[in-house]
Amino acid sequence: MKRLLVLLLLLPAALLYGQHPFPADTSFVPVPLRGFHSSPSAARGASNCLVAWESENTLLAARVSPDRHIVDVGPLELGEGNAPAVAACDSLYLVASTYHDNVRAARITAGGELLDSVPFAVSHGTGTAPAVGYSGSVFLVAWSDDDIRAARVMPDGTVLDTVDIVISAAADRQDFPDVSFDGTNWLVVWQDMRAGGYYDIYCARVTPAGEVLDPSGIAVSTAQYSQWYPAAGFDGTNHLIAWQDYRTTDFDVYAARVTPAGTVLDPDGITVADRAMYHRFPSVAFDGTNWLVAWERCSDGYDGIWATRVTTGGAVLDPEAIMVCPNGSSYNATVYDGADWLIVWQDTALFGTWLSPDGQVINPTPAAVAAELSDQKRPAAAWNGRHWLVTWFDEHYSLQDICAVLLDSSGTPHTSRLNLRADPWQSVAPDLDACGDRFLVVWEDDRQDDRQIWAARVEPDGTVLDSVGFPVTADTLGHQSPRVCSGDNQWLAVWNAPDLDGSVYGARVTPDGAVLDPQGIRINLGSEDRTLLPAIGSDGTDYLVAWIEARRVVCARVDRGGTVLDPVPIYLDSQTVAGGVAVLHNGRDYVVLWLSRSADTILGAIVSSEGIVLDPDWLALVDPDRRRYSLAAAVAGPDIILAWQQQGYGLCFARVDSSGTVTEQSRLVQTSTSDIAPHASPGPGDMVLLTWSTLTDSLLGRSCGVSRVWGLLPPYLGVSERLDRLLVRAGRLQARPNPFRTRLEVRPVPANGFTVHDRSGRLVARCTGGQWDGRDQRGHEVEAGVYFIRAAGRAPLSVIRTR
């Protein structure tokens, strides 16, 4: 029973430690959906607000929650249309729009389901600029067709009026209606040119049965010159109508209250805004106490969305007005979400700003309402003794940002997403390492119109010390592919400079952010060949830098003082290579790994800290049936974990012991994503965090549809492959099974037999054939543990005896 209890206590930990992939970043951070977005409209439903707008003749919509989150990151698409208008009932939203000069409508449930994939016709003739209101049982859709017309629509989509309701057929034109409901009747308001030459503001009441109570209309404002673009709402007692007014020969915003009986309480209008050259396109919303009137302001080239609160008695509470945002323009929509006002406005995309009932801007940084999720690409990770910092670059359209998140030892996010570098610059290819408990992240950055290497330090608690980053390179001559590694209380960042001289360069960075080599250290001193894809490792004091040069793997050591110790580089492979170079230090020597040119073989070599090539053929992992890409590697205790992308197969891994023998191999994740870019980072004990990027349809129950960074911690459970599929170069020993209990077979059989040694190098047994029975020279069974097989002309092979 006690043993069972222990197992039950350990089970959650075992599940946490990576048996299943987990998202490195669980946040849904929207980024602006680029393009031209205009004509927003908004309505409050039972749980969320719905914002609808047009984008290049396509109707889009997104729900926004009262806690100020964009529910539909990646908006709902409603088909073709223009000038949408929204109203809500408890279970759904009705979106009316214009399509080829006809008014159509579509319903969206409160849960975001589009009920009408093909919008249904509402008007029986032409119509533009629709408006919608809800009575508690039926919608009224009003529109302009020189006259003001309307039709009632049931929540089930039934259009009740087979003939359009004519609300106003006065002389000349009537345009841009809006609709408000007072609990008994609708009030429809519009701009009216019946007086000839200039527009006035008129309204009329319409019953839920479709009867027009004021067929001649009610004049709300007939001031001098024109009044346009009315907006209306109801506060429980009166309607408030706001409009754009030209009576002073500037564009001002005026308003008036109208009773449910149709009496205009403010025939001269309430001056809402008159302190600039242009105030236009007003919108209104009521919060249960006051009105908010918002509009576009333009004065001496100064654009923005402004607002003021107006009491139910008609008093303007903010005569100087509230700047909602400094750069919004054109039409805006205002809605009360149950806690705050939401003002939606257009700029480079469609944004939203929340205003509290006391007139305070809640989010000075606007939220993207027309939003999408960015692709997360090229992850990297490092462990600082307490946490992993996982970094990647976010890509949306042609923009890239550097982001990161802290994970604890179980893979659980310890912080929300960190932004290390954001718009308007393009930043890609991050790498990082920890020096003590502080991280340094390096990346390619084009903020000076060419590629530089920039960096930022991150504290153990996730604080970004360098909020705008700092340059590691002094010039802008196209530096790229940075890698970084910590040594003796400093970092060494390396990169290649194809636009300078094609060489590998490096620079040391101290924990306080000082760049010790701003002009760079040229590392490949003995060659004029162009270099690619540098990699770096450290023995704790000095560094080994490897790169591809003339399709060969080349390396050189750099000491902590920045001196290149190998002016004539060390060449590891005479055959051509494809890339994927990695450098590790296993506690004794450097391990350099790379992909062959055919990309079907992972090769490895051992280099001492003194720069001596100890074993040029330490590893040869071959699968002729599939090509490999994006090699990643990390030390895991006495072993090395390899991860790679395999063509048409997904993310794969292998465990290699100290002799270069593959002891495990499996496919971890099957994915069709073309560039998953795996990364391996050693952590506590023998743990290695694997990260990669793959297309993710949904995450945590939410629609996603972009590439996201995923992680996996040991044990790595996947689809195992038989080890006899792994071919080795001629001369490499293999042992099966390994670990073994009673008999071990060595292949190929050494011509002169082999010897067995323990960890101290002491001779244990001599074998003349290709087998060992686990006994010593005297015939006694040896203890369980690690032993080494040696044969003339061949590298040692480690094996494990179990009992």
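Residues numbered from 1 in each chain as written. Predicted model: local features only at pLDDT ≥ 70, side-chain atom pairs only at ≥ 80, totals over all residues. Heavy atoms only, no water.

Enquirer: I would appreciate a short explanation of the state of the cysteines in the present structure.
Expert: Note on terminology: disulfide describes a covalent bond linking the sulfur atoms of two cysteines. Per the counting criterion, the structure on display carries zero disulfides. Free cysteine C298: the closest other cysteine sulfur is in C325, separated by 13 Å. In this structure C298 comes out as buried when scored by relative accessible area, which is 17%. (Disulfide = S-S within 2.5 Å. Buried < 20%, exposed > 50% of the residue type's maximum accessible area, 1.4 Å probe, protein only.)

Enquirer: What is the right way to look at the pattern of salt bridges in this model?
Expert: Close approach of charged atoms allows side chains of opposite charge to pair. For the coordinates displayed, the defined rule picks out 30 salt bridges. The closest approach of N and O atoms between D175 and R173, which form a salt bridge, is 2.6 Å. On the accessibility criterion, D175 (6% relative accessible area) is buried. Residue classification places R173 among the partly exposed positions, given a relative accessible area of 33%. Through salt bridges with shared partners, a single network forms among D25, D394, R417 and R708. (Salt bridge = Lys/Arg side-chain N within 4 Å of Asp/Glu carboxyl O.)

Enquirer: Help me out: how do you make sense of the packing of aromatic side chains in this one?
Expert: The geometry of an aromatic ring pair is captured by the separation of the ring centres together with the interplanar angle, meaning the angle of the planes. For the structure shown, the criterion picks out 19 aromatic pairs. A ring pair is formed by F281 and Y331, whose centres lie 4.4 Å apart and whose planes are at 40°; its orientation type is tilted. Separated by 50 residues along the polypeptide, F281 in strand β23 (residues 278–286) and Y331 in strand β27 (residues 329–336) bring together distant segments of the chain. Feature note: the residues Y198, Y225, W228, Y246, F251 and Y278 constitute an aromatic cluster, connected by ring pairs. Just above the ring of W306 sits the side chain of R297; from NZ or CZ to the centre is 4.1 Å. The lysine or arginine in question, R708, covers the ring of F28, its NZ or CZ lying 5.3 Å from the ring centre. (Phe/Tyr/Trp six-rings, centres within 6.5 Å; stacked < 30°, edge-to-face > 60°. Helix = DSSP H or I, 4+ residues; strand = E, 2+ residues; numbered from the N terminus. Lys NZ or Arg CZ within 6 Å of the ring centre and 35° of its normal.)

Enquirer: Please clarify how the sheet that holds strand β49 (residues 590–596) should be interpreted in this entry.
Expert: As a general point, the strands of a sheet are linked pairwise by backbone hydrogen bonds and lie either parallel or antiparallel. An order of β48-β49-β50-β51 is seen for the four strands of this open sheet, with the pairing classed as antiparallel. The open sheet has two free edges, formed respectively by β48 (577–585) and β51 (613–622), since each of these has just one partner strand. Each neighbouring strand pair of the sheet contributes to a mean axis angle of 20°, computed without reference to strand direction. As paired strands, β48 and β49 are joined by six bridges and run antiparallel to one another. (Pairing = 2+ DSSP bridges. Axes fitted to C-alpha atoms, helices over the stretch in contact; angles between N-to-C directions.)

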